[in-house]
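Fold and geometry: a report
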Amino acid sequence: TSVEFSPVPCSSDIFRQQARVLKALANESRLKDRGSVVPRRVFRWRAHRSHRLRSLHRLLIEPIRHLLPQAVGSLLTVIPNGPLFSLSFAAVRDASGRYLVERYALHYVPAGVVLQLTGRQKALALDRRPTYLLVADPRGLPARPGGKPLPRLPGTRREITRVAALVAGSSTSNLTGTLARDQEV
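What comes next concerns the included structure. Given the structure is predicted, the values throughout are model-derived calculations rather than measurements. (Residues numbered from 1 in each chain as written. Predicted model: local features only at pLDDT ≥ 70, side-chain atom pairs only at ≥ 80, totals over all residues. Heavy atoms only, no water.)

1. What about the pattern of salt bridges?
One pass over the structure, following the stated rule, counts three salt bridges. Between R152 and D137 there is a salt bridge, with its nearest N and O atoms 2.5 Å apart. In this pair, R152 sits in the loop between strand 3 (131-138) and helix 6 (155-166) while D137 sits in strand 3, placing the two residues 15 residues apart along the sequence. Taking relative accessible area as the criterion, D137 reaches 0% and is therefore assigned buried. One salt bridge in this structure joins D137 and R157, with 3.0 Å as the shortest N-O distance. A residue pair is termed long-range when its members are at least 10 positions apart, and D137 in strand 3 and R157 in helix 6 qualify at 20 residues. (Salt bridge = Lys/Arg side-chain N within 4 Å of Asp/Glu carboxyl O. Helix = DSSP H or I, 4+ residues; strand = E, 2+ residues; numbered from the N terminus. Buried < 20%, exposed > 50% of the residue type's maximum accessible area, 1.4 Å probe, protein only.)

As structure tokens, then:
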């Protein structure tokens, strides 16, 4: 896994224009979600939506395309900024009309530091040796209604032996018989 960052060269005028497009597309989605009547000006936006989504691809994706994974279905992490938070990158289309989501598995992160923190946590978890607590055949179980004691479960002793063999190399603790109590767990 590699992480690449690349600024997208864009004049502030072009970015402001695209930000208006993003806002209009987001507003259209919100209006549809609420079941509201869509104003006439939104219909004008709709007529050019495909063109606008392609222009967003040219602006945002094309300049960094050489950095992106080539295999279809690869994970692409998007860290949006400013007005890009309101853009569904899945809807962005390339010149041939393919949606970005048809090429990549998209993953959104609110800030790059989130990747650092989760990566660090994952590394710490992988460094730890797994620990298992196996409980079997408890004695002194409460009585069933009517006062009759619950039966023992001797087969569970064989089961935890098999489970312990499956997780060999891990730290296992076994509680059986009178030690298999709530207080010990």
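And the narrative resumes.
2. As for a nonpolar patch on the surface
On the surface, a nonpolar cluster with roughly 220 Å² of combined accessible area is contributed by V113, V114 and L117. Take L117: it is sitting in helix 5 (residues 112-127). Note on L117: relative accessible area 46%, which makes it partly exposed. (Patch = residues over 30% accessible without salt bridge, like charges linked within 9 Å, V, L, I, M, F, W, Y side chains within 5 Å. Areas by Shrake-Rupley, 256 points an atom, 1.4 Å probe, with all protein chains shown as cover.)

3. Considerations on the pairing of strand 3
Note: strand 3 against strand 4 (residues 171-177), seven bridges, orientation parallel. Looking across to strand 4, one finds that T131 is bridged to S171. In this fold, the crossover linking strand 3 to strand 4 by way of helix 6 has right-handed handedness. (Pairing = 2+ DSSP bridges. Right-handed = clockwise from strand over helix to strand, strands pointing away.)

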